[in-house]
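# Close look at the chain arrangement
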Number of protein chains: 2
Amino acid sequence: MDIASYKERVEKIHDELETSNDMTGWINYPLMDHEELFNSIEKLKDEICMEADVFVVIGIGGSFLGARAVQEALTPYFGVLEKGTEVIYVGHHMSGSYLQQLIHYLEGKEIYINVISKSGSTMETTLAFRVLRLYMEKRYGEEAAERIIVTTDPEKGILKAIADEEGYKRFAVPPDIGGRYSVFTPVGLLPIAVAGIDIRSFMDGAKNAALELKNADLTQNHAYQYAVIRNKLYNEGYCVELLASFEPSLKKFHEWWMQLFGESEGKEKKGLFPACVTYSTDLHAIGQFIQEGSPILFETLLHFNQIEGDYIIPYDPRNEEGLNYLAGRSFNEINATSKQGTALAHAEGGVPVIQLEMEKLDAYHLGYLMYFFMKACAMSAKLIEVNPFDQPGVEAYKRKMLELLKKK
Amino acid sequence: MDIASYKERVEKIHDELETSNDMTGWINYPLMDHEELFNSIEKLKDEICMEADVFVVIGIGGSFLGARAVQEALTPYFGVLEKGTEVIYVGHHMSGSYLQQLIHYLEGKEIYINVISKSGSTMETTLAFRVLRLYMEKRYGEEAAERIIVTTDPEKGILKAIADEEGYKRFAVPPDIGGRYSVFTPVGLLPIAVAGIDIRSFMDGAKNAALELKNADLTQNHAYQYAVIRNKLYNEGYCVELLASFEPSLKKFHEWWMQLFGESEGKEKKGLFPACVTYSTDLHAIGQFIQEGSPILFETLLHFNQIEGDYIIPYDPRNEEGLNYLAGRSFNEINATSKQGTALAHAEGGVPVIQLEMEKLDAYHLGYLMYFFMKACAMSAKLIEVNPFDQPGVEAYKRKMLELLKKK
């Protein structure tokens, strides 16, 4: 695919992003010295892991998707955490059933809560915080204030005022970093640390990505290459990008990715619709559509070469299913082969396939990858000439809902 | 929207479906007498709930998506089941990490396993069954045979042969019912029962849907109306249908729905791409795209009027966030209002909105709804002149993967 023709536009946008002061604080954030912040997060994490059974994070959109993505990718599928404390998310929807069951589940458990909202005025989060704050006060009395942590704007907003009034611990969301670009700030770092994940390694990945992807040269910068390829395919008429990964623990990562791209690009009647699948599961579900359905999508295969944990296919002398030829190989090896098979089959079916290879599924590489996607996303949105950092359309349903609520 | 012009085509397709013998066994299956089957499933369920801590279901695609959808929709978000036994799914991907952790998790727990595969030859399922079967034999010796249940074709295939040889309990997948239409057969019913859900109520819902939706008259048949509206929108150039629901427990239901429509319609370069969102969570993520992005999608809002469990918004004398005007109302009520707000906002943004209202989120109404979608899907696929019951494209990646595996 000829991408060289994008060279000058990419350089121009790169310079714009590097020199802009408009919500671009995330670009250099991982390069700054955060030693003091890391220490205070780690100290608090140690306290929480010592004192609490459950850490409840109250947030919606960019205030929880990043932390949850990293947490689910790097903690066990079954049973309890070996290190770290159970993290539960709430305040990201209006389900009364979920909230009732959560309160029931918390009975008899030691709790800390962390409300995360830049504005402090999103209704889902604010209502859940009201419930949990009253619950904490009932449970812990005056001690509650030591178990409530607020992550919000450092200068303004109702949450900041409440935290100052009540003496809650407070972390700052830098004002020039928007929600979906905030996973490397305390928004993401505190819950990730509490889940037992090494935030220094995570931030090292982001830092190295920030260094490597500072290169304006399209032939060197993989994030810009990805953005350009997406743009070419979009211009050719593809309207859906399907991100496919091969490990079920990445499902929440998909949701983070969908917000990042969907909210950054989906405006002014433009943008690729972001969708996600987990293989090989979904090859037996939506796979038929991808292979032979409407030719509206291209596919980005995300593969990690090393995954913690594996299982060797055992030899079975009965061999009724004839699979002894695979005995001694590992499931992860077969999984990697299924990725190759998928790429070949879909390409033959006429689906453009982009392949992203990461060395290892760990904190470092997730940090790298999330920064990579953020940089690619900003470039990509600028290539279709929309603002990557606003979300004017999110207000529409909020306004309608408020009107309806106040009418009653 | 004028749908009357579809009247004759719908009647013709209705007659075709009713009189066809080609994989249409699901149409009248809920109307047949299954008393003996229900009794034997319930008896086995009682045994499993008495003897086992974990019921492991091994299956992929239509062999697990339906059961998992119903289970997740109707069992608690947190903690252990009050009735029923924990159900865990495996064999639906190639993750060695997942399998290793599952085996570790099973140590010291009492287990039953249920392998579900019509053909008995799907690699993901077959490999996982090999692992779990050997594990069961090591754990239980000869008693293992009493704890292994096979759900497969009643006449042929390797799983049937193994079950007969070893004396495993066996349930039949009717040969004229394909995987994605099989949730009302033992494929779905046994795991659903073990999870503590009333299968008779579930089947009553399906039965009533089967009766009501036998009506060829488009003005009376809601499933056909839904199919026709989808078809009109597809012909107008919309290429993505977004199913949106308002309860996070419906996420796995979404995956079942995506397979049903994606695999039934996505062929011959045709079909609507099925995507799903959970509100209000995703209004703060992909919501921006829906409101203002590329005008490629329409939306189907799925709402249940009654949900088990709710929470009343408390009064807080401090009222810093100014939300006391909502005190005394319930979260589910606010959630319903957010649905109204969403419908208004998206319609104003130019997104066509279909609304599906169900009375209650329970076994009966899920049974009704799943049958409704199956009937709508068959009609919908026939309206774009593809076969709703095959999936030729799923073989493509399997062939490629097998070639690669055998080469090594």
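Residues numbered from 1 in each chain as written. Chains lettered and ligands numbered in written order. Predicted model: local features only at pLDDT ≥ 70, side-chain atom pairs only at ≥ 80, totals over all residues. Heavy atoms only, no water.

### A closer look at the relation of the copies chain B and chain A
The line we're drawing: Fitting of the copies onto one another was done by least squares over C-alpha atoms, counting residues only where both copies have pLDDT of at least 70. Should any heavy atoms of two residues lie within 4.5 Å, those residues are counted as being in contact.
Of the transformation placing chain B onto chain A, the axial shift is 0.0 Å and the rotation is 180 degrees, giving an RMSD of 0.0 Å. Here the two chains are linked by the operation of a two-fold rotation axis. Closest approach to the rotation axis among the C-alpha atoms of chain B is made by Ala275(B), whose C-alpha sits 3.6 Å away. In this assembly the copies share their binding face: 100% of the residues contributing to the interface of chain B also contribute to that of chain A.

### A closer look at the domain arrangement of chain A
Residues and elements named next belong to chain A. Going by this rule: Boundaries of every domain are those given by an automatic assignment or by a domain database. The term buried area denotes the loss of accessible surface (1.4 Å probe radius) that occurs when two parts are joined, taken as the sum for both partners. Any carboxyl oxygen of Asp or Glu that lies within 4 Å of a side-chain nitrogen of Lys or Arg is treated as forming a salt bridge with it. In the analysis that follows, any N or O atom pair within 3.5 Å is treated as a polar contact, provided that within protein one partner can donate a hydrogen and the other can accept it, and provided that, for residues neighboring in sequence, both atoms belong to side chains. In this text, helices come from DSSP runs of H or I with a minimum length of four residues, and strands from runs of E with a minimum of two, each type numbered from the N-terminal end. Asp, Glu, Lys and Arg are counted as charged, while Ala, Val, Leu, Ile, Met, Phe, Trp, Tyr, Cys and Pro are counted as nonpolar; the rest, among them Gly, fall into the polar class.
The assigned domain composition of chain A is domain 1 (4–16 + 204–383) and domain 2 (33–197). Taken together, the contacts link 25 residues of domain 1 with 16 residues of domain 2. For the pair domain 1 and domain 2, the two sides together bury roughly 1,800 Å², of which 65% comes from carbon and sulfur. In terms of surface lost to domain 2, no three residues of domain 1 exceed Ser249, Lys252 and Gln259, which account for 31% of the buried area on that side. Taken together, the connections running from domain 1 to domain 2 amount to two salt bridges. The shortest N-O distance in the salt bridge between Glu255 and Arg68 comes to 2.8 Å. Seen at the junction of domain 1 and domain 2, the total is eight residue pairs in polar contact (both at pLDDT 80 or more). Looking at the side of domain 1 that touches domain 2 element by element, the count peaks at nine residues for helix α11 (residues 251–265). The residue inventory of the side of domain 1 that touches domain 2, partitioned by class, reads 14 nonpolar, four polar and seven charged.

### Some remarks on helix α9 (residues 199–212) of chain A
All names here are of chain A. Definition in use: One less than the residue count of a helix, multiplied by 1.5 Å, gives the span that helix is expected to have. Note on classification: 1.4 Å probe, protein chains only; a residue is buried when its accessible area is under 20% of the maximum for its type, exposed when over 50%, partly exposed between these limits.
In this model, α9 (14 residues) spans 20 Å end to end at C-alpha, consistent with the 20 Å of a helix rising 1.5 Å per residue. Among all positions in α9, only Ile199, Ser201, Phe202, Met203, Gly205, Ala206, Ala209 and Ala210 are buried. Packing partners of the buried residues in α9 comprise α2 (25–28), α3 (35–51), α4 (65–74), α8 (186–194) and α14 (363–383).

### Description of the sheet that holds strand β7 (residues 273–278) of chain B
All names here are of chain B. Put simply, the test is: In this analysis, strands are considered paired if DSSP registers two or more bridges between them. Helix axes use the C-alpha atoms of the stretch in contact, all axes being lines fitted to C-alpha atoms, and the angles between their N-to-C directions lie in the range 0 to 180 degrees.
Strand order across the open sheet formed by four strands is β7-β6-β8-β9, with parallel pairing between neighbours. Each end of this open sheet is capped by a strand with a single partner; those strands are β7 and β9 (353–360). For this sheet, the mean inter-axis angle between neighbouring strands, taken without regard to orientation, is 20 degrees. With six bridges joining them, strand β6 (residues 240–245) and strand β8 (residues 297–306) adopt parallel strand pairing. Within β8, the position partnered with Leu242 by the bridge is Glu299. Each of β6, β7 and β8 is contacted by helix α11 (residues 251–265), which is oriented at about 170 degrees to β7, the strand it contacts most.

### Looking at the pattern of salt bridges
Enumeration according to the criterion identifies 61 salt bridges over all chains in this entry. A salt bridge links Arg147(B) to Glu110(B); the shortest N-O distance between them is 3.4 Å. Of the two residues, Arg147(B) sits in the loop between α6 (123–140) and β4 (148–152) while Glu110(B) sits in the loop between α5 (96–106) and β3 (111–116), which places them 37 residues apart along the sequence. Residue classification places Arg147(B) among the buried residues on the basis of a relative accessible area of 4%. Under the relative-accessibility criterion, Glu110(B) is labelled partly exposed at 31%. A salt bridge links Glu265(B) to Arg230(B), with the nearest nitrogen and oxygen atoms 3.2 Å apart. Note that Glu265(B) is positioned in helix α11 and Arg230(B) in helix α10 (residues 222–235), a separation of 35 residues in sequence. Residues joined in a network through salt bridges with shared partners are Arg133(A), Glu137(A), Glu166(A), Asp316(B), Arg318(B) and Glu320(B).

### Topic: the pairing of strand β9 (residues 353–360) of chain A
Bridge analysis of strand β8 (residues 297–306) of chain A against β9(A) gives seven bridges, and the strand direction is parallel. Looking at β9(A), one finds that Leu302(A) is bridged to Leu356(A).

### So, the packing of aromatic side chains
Residue and element names in this part refer to chain A. Applicable threshold: Stacked, edge-to-face and tilted are the three classes for Phe, Tyr and Trp ring pairs, Trp counted by its six-membered ring, which pair at centre distances within 6.5 Å; planes under 30 degrees apart are stacked, over 60 edge-to-face, the rest tilted.
Per the counting criterion, the structure on display carries 48 aromatic pairs over all chains. Relative to Phe372, the ring of Tyr226 has its centre 5.8 Å away and its plane inclined at 25 degrees; by these criteria the two rings are stacked. Of this pair, Tyr226 sits in helix α10 (residues 222–235) while Phe372 sits in helix α14, placing them 146 residues apart in sequence. Judged by relative accessible area, which is 2%, Tyr226 ranks as buried. Note on Phe372: relative accessible area 6%, which makes it buried. Here the aromatic rings of Phe261 and Phe373 are separated by 6.1 Å at their centres, their planes lie at 85 degrees, and the arrangement is edge-to-face.

### Some points on the state of the cysteines
Put simply, the rule is: Note that a disulfide, as used here, is simply two cysteine sulfur atoms within 2.5 Å.
By the definition in use, this model includes zero disulfides over all chains. Its sulfur unpaired, Cys276(B) is 12 Å from the next cysteine sulfur, which belongs to Cys276(A). By relative accessible area, which is 17% here, Cys276(B) ends up buried. Free of any disulfide, Cys377(B) has its nearest neighbouring cysteine sulfur in Cys276(B), separated by 13 Å.

### Brief notes about the interface of chain B and chain A
Residue-level contacts link 120 residues of chain B with 120 residues of chain A. In this assembly, chain B packs against chain A so that about 10,600 Å² is buried in total across both faces, 65% of it on carbon and sulfur atoms. Of all residues in chain B, the largest losses of buried area upon contact with chain A belong to Phe78(B), Arg130(B) and His284(B), amounting jointly to 8% of the total for that side. Ionic pairing is found between Glu320(A) and Arg133(B), a salt bridge with its closest N-O pair at 3.0 Å. Summed over the shared surface of chain B and chain A, the number is 56 residue pairs in polar contact (both at pLDDT 80 or more). By residue number, the principal contributor to the side of chain B that touches chain A is helix α13 (residues 331–348) of chain B, which donates 13 residues. A per-class count over the side of chain B that touches chain A returns 57 nonpolar, 35 polar and 28 charged.

### Comments concerning the UniProt feature "active site" (unreviewed entry) in chain A
How we decide: UniProt positions are given in the numbering used here, feature names are shortened, and annotations may be inferred rather than shown by experiment.
Per the UniProt record, the feature "active site" (unreviewed entry) sits at Glu263(A) and Lys398(A). Among the secondary structure elements, Glu263(A) is positioned in helix α11. Under the relative-accessibility criterion, Glu263(A) is labelled buried at 5%. Excluding its chain neighbours within four sequence positions, the residues that come into contact with Glu263(A) are Arg180(A), Met258(A), Asp390(A), Gln391(A), Val394(A), His284(B), Ala285(B) and Gln288(B). Here the side chain of Glu263(A) touches Arg180(A) through a polar contact of 2.9 Å, side chain to side chain. Considering the arrangement of structural elements, one finds Lys398(A) in helix α15 (residues 394–407). Given the relative accessible area of 23%, Lys398(A) is considered partly exposed. Once residues lying within four places of it in the same chain are set aside, the contact partners of Lys398(A) are Thr122(A) and His284(B).

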